[in-house]
Structure formats: structure tokens, C-alpha cells
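Descriptive analysis of the structure
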Amino acid sequence: MIRWHGIAATVGGGLLVLACAAGLLALGPGTPAPPPGRVAAPPPPADRLAAARQATEARPQDATAWAELGLAAVDRARTTPEGGQLTEAARALADSLALRPEHNYEAQVGSGMLANARHEFAAAREFGRSATTMAPDRAAGYAVLADAEIQLGDYPAATAATQRLLDLAPGSAAFTRASYDLETHGRTGEAVFAQERALELAGTPEEQAFCAHRLGDLAWEQGELATAEQHYRHALALRSDDRFAAFGAARTAAALGRTEEALQRYGELVERAPQPQFLLELAELQLAAGHPAAAQLAALDAEVRLATGPVDLALARYLADHGDAAQAVRLLTEEWGRRRSVLVAEELGWALHRAGRDGEALPHARFAVESGSGSALSRYRLGAVEHALGLPGADDLLRAVLRSHPHFSAYHAGKARQLLGAPGEGER
Amino acid sequence: MNPTARWLAVPAVALLALAPVSAAAHPLGNFSVNRYDGLRLLPDRIVDTVVVDTAEIPTAQDRTAADRNRDGTVDAEEAALRAGQRCAELAGAVRAVADGRELAWQPVSSGLSHRPGAAGLATARLGCELVAAVDLTRPVRISFHSGADRERLGWKEITAVGEGVALRAASVPRESSSDALDSYPAGSAEQPLGVVTAEISADGPAAASRSGERRGVPPLAVGLPALGGIEQRLASLTTARDLTVPVGLAAIALALLLGAGHAALPGHAKLAVAACLTGTTGPRRGGGVRAALAVGATVTVTHTAGVLVVGLALTASTALVGDRLLSRLGLLGGALVAVIGALLVRTAVRTLRGRADHGGGAPDHDHGHHEHHGHDHGGHHDHGHGHRHGGPHLPSLLGVGLAGGLVPSPSALVILLGAVALGRTSFGVLLVLGYGLGMALALTAAGLLLSGGGTRLAGLTTRRIPALRRLVPYGSLLTALVVLAVGLGLALRGAVGG
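Analysis parameters
Residues numbered from 1 in each chain as written. Chains lettered and ligands numbered in written order. Predicted model: local features only at pLDDT ≥ 70, side-chain atom pairs only at ≥ 80, totals over all residues. Heavy atoms only, no water. Helix = DSSP H or I, 4+ residues; strand = E, 2+ residues; numbered from the N terminus. Areas by Shrake-Rupley, 256 points an atom, 1.4 Å probe, with all protein chains shown as cover. Buried < 20%, exposed > 50% of the residue type's maximum accessible area, 1.4 Å probe, protein only. Pairing = 2+ DSSP bridges. Disulfide = S-S within 2.5 Å. Phe/Tyr/Trp six-rings, centres within 6.5 Å; stacked < 30°, edge-to-face > 60°. Lys NZ or Arg CZ within 6 Å of the ring centre and 35° of its normal. Axes fitted to C-alpha atoms, helices over the stretch in contact; angles between N-to-C directions. Expected span 1.5 Å × (residues − 1). pLDDT = per-residue confidence, 0-100. Contact = heavy atoms within 4.5 Å. Parallel < 35°, antiparallel > 145°, perpendicular 65-115°, else oblique. Left-handed = near helix turned anticlockwise from the far one by under 90°. Nonpolar A, V, L, I, M, F, W, Y, C, P; charged D, E, K, R; others polar. Core = buried A, V, L, I, M, F, W, Y, C linked by side-chain atoms within 4.5 Å. Arc of directions from axis to C-beta. Salt bridge = Lys/Arg side-chain N within 4 Å of Asp/Glu carboxyl O.

1. Observations regarding the overall build of chain A
For chain A, the helix and strand inventory stands at 23 helices and zero strands. When the accessible surface of chain A is totalled, it reaches about 17700 Å², and 56% of it is carbon and sulfur.

Structure (C-alpha cells):
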């Protein structure tokens, strides 16, 4: 009987302990009970980069984890330029390749992404080729290849890689690249269609915002300012930190005559992301509106002095229009030796024109218009070169540009009008 | 999921618009604007020592504003003027709310200096001292926002110290990890600190002995001199950010050790010895082993239950209070311990009175009965009808165990509450179980040692039985009084601190 007492007491005590534990679990701060036999670990962060960092800490010998960290860091570098993420990516990818030198597809793709981000397109092409050779039926390698080839100016190769990408993984990324490829070939209507398809297929707000601001860019190039502004607003509603959407919104506001709003939007943008392209557009708007642009120009000058490695085209454009045009020619000639992209041709042609070498500028400017997207800016540039050479039809070209896109550039639209108003005069 | 499938969704076109890759002279990158706010809380004001370290490009952007005479250089006078301007702007952007009242910040000093950076460019360092008047001689809750733009690339850091003001809790550390932006820790470019807000609870004037305590569980722990180190180690393991399997196992091992140490304290040991010796003198030879095991098991169960009940009560009563949980726990914990202490005192006094009624006779019958129903602690105690058995039986031994395990040891409670506060309730329960098990192991070991085969040690102790037996009830009373005093002290401290 006594034993029964004891057993009853023990069982009762045990039940009490269990009840208390259950009560505590129910009342305590809401965390799910850990799987049996395992100590509760902190949940993986939602942030991709943080999750990748955690994974490499947990499994430092896992080559795939390091490759994923590299990819996540490259991805992050898009939104935080110069955030040290590219360095982190380079180190992580090197670690991954050291752990698994052969058949490391993820690291090959990541290295290609990194090279593209660093504007080292020839290296990116090599990584893309080795990745697609390693796994001809995996999509990621073709994306690296497509990005590299289009920048290197090998347009047939870029189209082939994009087509293969579309065949293997017809998603948002593939249609975005297809849109870019079509735009580069001047097929704007189809480019818009592909980009709309990409927007439909986009899975995350970030991707959706990217597609929306790309649609804005396409509308902008056609001079459809109201449509462009709608797309930019849509993108900003999806991701308020989409800097290219913020840039587009500022540029559209300026073109629509809302200068104060544009200056404010630009001001906020360059405060957070003083990238050459943004600084230059703000400086040119300020110059056109009669505001001082010294701060922007000083920052651009500093960026020119800090720049190493491949040329940034926006910085070259700054040099051509507001700095040392001869230096721009030198830098762009080197770049033209590395890659035969229409974008480089357009900038080189313009730099040559600004340096007074219009004869050499003409073939580059023509190539840019005929083989490229035929943007308003590129056609204006060709018109300005032809105008300087006194060629017939130059004024018609300039008038056509202003008709289709009266505010294609706060700064250069005025210059174009000057050229038409005072034929034969220089534009300085 | 295929690890490369996700990046596929990243449109690489955006990458092409990236800024050029530069030789980063500034450790946080050429674009970065880095901000440090060092808060000092004094009885009549808060002083914010702001440092803004700008890398080459933002410095170039700012230089045109600083260079008033447009001669291309920023001389000392221009630097001083620009520093004054920027500090005034910062003073307007800093937000601090003390108990719902917005504070007004005034710049009292400013300075701007340039240092050589990359490519012949300069980096700049702006220093401002901002002051806001506020009465911190009473407890105040302060919400601080530095106004720094989180989307702007760069290091953002806040620290807070009290000078003549006790800080009970602060969401930011006391020390700067970057030495006020002078030397950034390794890897800071990849994972820069992004702290732009701080929550601080100031406790009024700092007493000499109370230098501001860091955030954490309320000071329930009544330190055990020898075990204090282990306690601290365990507490730090419990509150560690990353709970890994090795850390978890280490924590459980420490809990076991701590429990064993706790069992060695006065009170438990005596109970165990008494119980086991009673067992050896009982009718059944070999009952000592059984008794020891019974006591150990009961102590574990009771102690764990006790700690969990108190923890449950505290969590239940504070679950509604939300973020004031930690500040209230001290008060509630103290009150509960005091209530338990009071009940123990009552029981002990009744037992003593009962002894007196019995004329001190039959001592081996009523020891161990004084808290037979102790597992209902906090509830009804129907004492006064002590069982009268012919010898030391299992129920009485269980009573001893219940008594031994009843009082939740503060250190175990702290471990549990700390784990609960961190959202690791189940881990906390596991630790408490380990703690109880450690206690049980120690007690059982002691009991077995003493009862095992009539050794010299047992004989030695047998001679002391009468004294021990007489002392047990007084010991209980003393323990009860100590518990009551500790509870009152904790409650008082919690009330003042809260």
C-alpha cells in the first residue's frame, strides 16, 4: 500500500512537471517547439545573404554553400553598390572553388555573375562558356553568357544564349534578357511584350519592381512620358528602394516640367546612391535649370579619379561633356579595343565629337544608331556630329528627335534646339 | 531547391549600371557615410557625441558647400563654419523622446577635419556635441533615433553610458566596437552595423554600488560564492545569440553541476543525511539505498515542478505586460519567493509547536513530516495531523524529498526565466530538469555514501544523530526565514527598479 502511495506520488509529481512545462510552452513567447532530440536553433533569416552566411558558418567545408554565398553577395551588390559585397563574393567563390575545383557549376556561374558585375565581360564570357559546357542543359550559365556577350558586342552569340535560356527556363529572368536583346536590335514593340511577360512571371516584389522599371525605361525611350511615369510609380510602390525606378521617376518628372519635384527626387537618390549615371543626370538638370551643379560635378570628378579597371560609360559621358574630352576618348578607345558594343561605340563617337574629331566620330555614331536600339539620345548625337560636319539631313534628324522625344535629356534637348536655331554654330 | 535557380531571377542587366570598381581607400567604401552617436546620460541632460566619417565621394560632394570663397580648398575658417552648419542640421534630425516628451537638441560644439584618402582625395570627419536637457533624477524611458539614413551605405552605431545615472536596460552597448569610427572591425564593409535607434531605461541617480547593469534577466540570483562563476557561465550560455548543439549540451552539463552544487548547500544535505540515516536505522536493512534513491527522485521531481510552477506563474502574470516583462519580473519573483517564504515559516513554526505539544518525544516520527504536503505550496496546508508510522517509511522519505525540492532555487528560476524571456522556453525547461537531476544525483550519492554498509563515516555520523534530529526543524525555520527575507528584498528591489 505504501508502495502504491509512493508510485502515485511519483506519477503525480511527474504529471505536475509535465503540466507545468506544457503551460510554460503555451504561455511563453511564441516559438515553435523544437523537433524532438534537437536543441532549438535560431530560425534561418529571411534575407538571402544572411542565410547564406549562416550556412557557410555552419558548414565551412560545403563548396555549394560558399558558392551560394558568392551568388547572394553579388545579388546584394546590385542594391548596395560598393558595399564590400563584391569582395565578399569574390572570397566566397574562391573558397568554393578551392574546396571543389572541378565540376563546381554554382561557383562557375557565381564567378561569371561577379565578372559581369565588375564589367569584366571577357572573363564573364569564359565563366559562362565553361558553365554551359559543364552542364549544357542548366539555365544559369546561359544567363551569364547572354549578359557577357551583349556587352562584348557579339550580338548573335548573345541572342543564341538568350534563346537557349528561354528554352530551358522560360521565366522572368529569361524574358527580361530577351527584352533587352530585342531592344538592342531596335525591336522595341517586341521588347515591351517580352518585358510584360517577364513582369507576369516575376515571383518576388524585387523582380516585379525591376520589370516595372524596365517597362518604364522602354516607354521613356519612345517618348511616352505618362506611361513611363506610371511604370516607375508602380515599381516604386513594389520596392521603394529600387534605385533605377527612383531615377526614372525623377527623370520623367523633369521631362514633364516638374523641375522642383525632379530636383528633390534626384537629390534624395544621389544622397543614397551617388552613382555616376544619377549624379550626371542631376548635374545636367541643375545646369539646364540654372542651378549650381558644383557638388555633383565634384563628386563625378572624384569618381573619375578613384576609378580603376573597366570604364564606366556614364563617367566617360561626364568627361566628354563636362570634363576632359580627350581623356574620355582615350578611355573609350581602350574600351572599344576590349569590346565592340554599340553602347561603347555611341560614347566613343560622342567623345570624339566633343574632342573636335568629328570625322572619326561619324562611323561610330552611325554604327550606334543603325545597330543599336536607336534611342533618342543616340540619334541626337548622330545629328550633332553630322551637323558639325555640315552634312545634309542633320537638321532633319535633329528635328525628328525633338518631335518624337522633346525632353529626351534636360541638358541635350536644349543643345539640340540651339543647333537648329543657330545652324553651324558650336554648341558650347 | 537548386541553389542557382534563385539567382536566375536576378536580372543581370541592372548590374551593368553599377559604379566602377574602385580602389577602396575607405574601409567602408568610397561612397559611405558613417555615423556614430555616443550617448552620455547625466542627471540633468543627455549629451550626444556625434561623429560623421565621410568617405571620398560624399566628402567631395560636401566640399563645394564648405568652400565658400570657391578657391578650391577648405580652410580652417570655412571648415568651422561648415561644421557649425552641419551640426545644426544634425541637431534638427536627431529625435529623442523621454517618457513621451520630445527633447530639444542644441549643438554645443562642432569641428570638421579632413584626412587624406585615395587618389589624392580627402575623407572628412565631422564631430558634434549635441545636448538635450532632461531630468534623469527619476526613472525615465528614452527612445532615441539618430536620424541617420539606413539606406545610405555606411556604418551606423550608437552607444550609451550613464554618468551619475543608472541605466537599467539599454538596447545599445556601452562601448563602441569601432572606437568611434576610428578603427572599423574586420569584415565591417561586408556587414556594416546599422543601428540608428536606441531604447534606454534610466533608473535615476546611480548609487555607488550600482553601476548601470546591462540588459538581461532581473537580478534574482542569490549568488553562491563557489558556484557564482558557473552560474554566470550558464546564464551567458542561456542568453547567447546562437544556440548550437554543443552550447546547448554544455549548458545542460553546467545545469547538472549547478544542481549538484545547490544540493550541497545547507538544508538539502542535512535532509538527505537525515533521511538516509533514518533509513539505515529502520526495520529493513538495505532500505538506505532505497531511501536515498527515493529522496533523490522526489527532490528532482519536486524541485523541477516547483521551479516550473513559479516560472509558469511569473510568465502567466507577465505575458499580458509585454515589453515590461523584465522590469516586472523582479517584483513578481520577489513577491512569490516572499509568499513561499512566509508559508514555509508558518509550516516550520507549526512543526515546532507540534514538537512542543509532543513534549519532544518520538523525534524519529515527526521529522520529515513537517512539509509533507509541501508540493501544494502556495495552496492549502493542512498540517497538524502528522502520520504516526512505526518506522521510516517511503511516504515520510518522500516528504523529506518534497521538502528538499520544494523551494525553487533562485538560480534555477533565473535560468528558466532567462530562457523564457529569450523565447527558448523548452530549452529552459530542459535546463531546469538537468538542474533537478544534478541535485538528485548529489543527494543520492551522499545518501548512498553514508548508508552503504555501515562504514566508519556512517558510524561517525550516527553519533551526531540526536543533535541533527533536534536541529532539523530549526533549520527549516531558518531556511524559511531566509527565503522570506530574500523574497522581500527582491520584491523591494524590483519595486524600486521598476
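2. Some thoughts on the overall build of chain B
Regarding its fold elements, chain B presents 14 helices and ten strands. Every one of the 498 residues in chain B was classed for burial, and the buried ones make up 51%. With the model as given, the accessible surface of chain B reaches about 21200 Å², and the carbon-plus-sulfur share is 61%.

3. Let's talk about the pairing of strand β2 (residues 45-54) of chain B
All names here are of chain B. Buried residues dominate β2, accounting for eight of its ten residues. The sheet contact formed by strand β1 (residues 33-42) and β2 spans ten bridges and is antiparallel. In the strand pairing of β2, D37 is matched with V50. Between the antiparallel neighbours β1 and β2 lie two residues. Here ten bridges tie β2 to strand β6 (residues 122-133), and the two strands are oriented antiparallel to one another. Bridge pairing in β6 places R45 opposite A133.

4. Structural notes on the state of the cysteines
All names here are of chain B. Per the stated rule, a full pass over the model turns up one disulfide over all chains. Two residues, C87 and C128, share a disulfide whose sulfurs are 1.9 Å apart. Where C87 bonds to C128 through sulfur, the torsion about that S-S bond is close to -80°, and the disulfide is left-handed. Taken as a pair, C87 in helix α3 (residues 76-93) and C128 in strand β6 lie far apart in primary sequence, 41 residues in all. For the pair C87 and C128, one class covers both residues: buried.

5. Here we look at the packing of aromatic side chains
What the rule picks out here adds up to eight aromatic pairs over all chains. Summarising the aromatic geometry, the rings of W105(B) and F144(B) are spaced 6.0 Å apart at their centres and angled 80° between planes, so their arrangement reads as edge-to-face. Of the two residues, W105(B) sits in the loop between β4 (101-102) and β5 (106-116) while F144(B) sits in strand β7 (residues 139-145), which places them 39 residues apart along the sequence. On the basis of relative accessible area, W105(B) is assigned to the buried category, the value being 7%. Here F144(B) falls in the buried class, since its relative accessible area comes to 3%. Pairwise contacts between aromatic rings join F244(A), F247(A), Y266(A) and F278(A) into one cluster. We note R197(A) situated over the ring of F175(A); from NZ or CZ to the ring centre the distance is 5.5 Å.

6. Description of the sheet that holds β5(B)
Residues and elements named next belong to chain B. Within the open sheet, the five strands sit side by side as β5-β6-β2-β1-β8. Their pairing is mixed. Single-partner strands in this sheet number two, and they are β5 and β8 (156-162). Pairwise comparison of adjacent strand axes, ignoring direction, gives a mean angle of 10° for this sheet. Sheet analysis places β5 next to β6, joined by ten bridges and oriented antiparallel.

7. Quick look at helix α15 (residues 276-288) of chain A
Residue and element names in this part refer to chain A. Its 13 residues give α15 an end-to-end C-alpha distance of 18 Å, which sits within 8% of 18 Å, the value for a rise of 1.5 Å per residue. Burial analysis of α15 places ten of its 13 residues in the buried class, which makes it a mostly covered element. Among the residues making up α15, those that are buried are P276, F278, L279, L280, E281, L282, A283, E284, L285 and Q286. A positive backbone phi angle near 75° is found at G290, which sits one or two residues after α15.

8. A closer look at the confidence of the model for chain B
Residues and elements named next belong to chain B. With 54% of its residues at a pLDDT of 70 or more, chain B shows a mean pLDDT of 69. For the stretch residues 208-228, pLDDT sits under 50, and the model shows 40 contacts to residues farther than four places along the chain or on other chains. Low pLDDT, under 50, characterises residues 358-392; the predicted model gives this stretch 55 contacts beyond four residues in sequence or across chains. Across the predicted assembly, pTM comes out at 0.61 and ipTM at 0.75.

9. Some remarks on the packing of helix α10 (residues 188-201) of chain A against helix α11 (residues 205-221) of chain A
All names here are of chain A. Contact geometry of α10 with α11 gives a least axis separation of 9 Å together with a crossing angle of 165°. If you check the angle between α10 and α11, you find them roughly antiparallel. Read as a crossing pair, α10 and α11 show a hand that is left-handed. Facing T188, A191, V192, Q195, E196, A198 and L199 of α10, the residues of α11 in contact are Q208, C211, A212, R214, L215 and L218. Across the contact of α10 with α11, the residue classes break down as eight nonpolar, three polar and two charged.

10. Remarks on the confidence of the model for chain A
All names here are of chain A. With 86% of its residues at a pLDDT of at least 70, chain A reaches an overall mean of 88. Scored below 50 in pLDDT, residues 28-44 makes 19 contacts in the model with residues more than four places away or belonging to other chains. A low-confidence stretch, residues 423-428 (pLDDT under 50), is modelled with 13 contacts involving residues beyond four sequence positions or located in other chains.

11. Observations regarding the sheet that holds strand β9 (residues 165-170) of chain B
Residue and element names in this part refer to chain B. Judged by pairing direction, the sheet is antiparallel, and its five strands sit side by side in the order β4-β3-β7-β10-β9 without closing on themselves. Edge positions in the sheet fall to β4 and β9, since each has one partner strand and no second. The pairing of β7 with strand β10 (residues 197-205) spans seven bridges and is antiparallel. Its bridge partner being in β10, S143 is matched across the sheet by E199.

12. Some points on the packing of helix α21 (residues 376-388) of chain A against helix α22 (residues 394-404) of chain A
For any two helices packed against each other, the geometry is given by the interaxial angle and the distance between the axes. Residue and element names in this part refer to chain A. Relative orientation of the contacting elements α21 and α22 amounts to 155°, with a least axis distance of 8 Å. When the axis of α21 is compared with that of α22, the two are roughly antiparallel. The crossing of α21 and α22 is left-handed. Of the residues in α22, those in contact with A376, R379, Y380, L382, G383, A384, E386 and H387 of α21 are A394, D395, L397, L398, V401 and S404. Considering only residue class, the contact of α21 with α22 consists of eight nonpolar, three polar and three charged.

13. A word on the environment of Q275(A)
With respect to the helices, strands and loops of the structure, Q275(A) is situated in the loop between α14 (259-272) and α15. Linking Q275(A) and L315(A), residues 40 residues apart in sequence, is a C-alpha distance of 9.3 Å.

14. Here we look at the nonpolar core
Among the nonpolar cores identified, the biggest contains 74 residues, and F278(A), Y380(A) and F408(A) are the most heavily contacted of them. At nine residues, the largest contribution of residues to this core is made by helix α13 (residues 243-255) of chain A. With 37 residues, the next largest nonpolar core counts A79(B), A96(B), L136(B) and I142(B) among its residues.

15. Quick notes on the environment of H364(A)
All names here are of chain A. For H364, the position within the fold is in helix α20 (residues 358-371). For H364, a relative accessible area of 16% translates into the label buried. Excluding residues within four positions of it along the chain, H364 makes contact with W336, A345, L348, G349 and L352.

16. Here's the deal with helix α6 (residues 121-134) of chain A
Residue and element names in this part refer to chain A. Taking 1.5 Å of rise per residue, the 14 residues of α6 would be expected to cover 20 Å, and the 20 Å separating its terminal C-alpha atoms lies within 8% of that figure. Within the sequence span of α6, burial applies to F121, A124, R125, G128, A131 and T132. Buried residues of α6, viewed axially, fall in a sector of 130°; they line one side. Looking at the buried positions of α6, the neighbouring elements they touch are α5 (105-117) and α7 (140-152).

17. What about the pattern of salt bridges?
All names here are of chain A. On inspection of all chains with the given rule, the structure shows 42 salt bridges over all chains. One salt bridge connects R48 with E68, and the closest N-O pair in it is separated by 2.9 Å. Taken together, the residues span a long stretch of sequence, with R48 in helix α2 (residues 48-58) and E68 in helix α3 (residues 63-79) at a distance of 20 residues. On the basis of relative accessible area, R48 is assigned to the buried category, the value being 9%. With relative accessibility at 17%, the residue E68 sits in the buried group. Taking the shortest distance from any N to any O, the salt bridge between E106 and R138 comes out at 3.3 Å. Of this pair, E106 sits in helix α5 while R138 sits in the loop between α6 and α7, placing them 32 residues apart in sequence.

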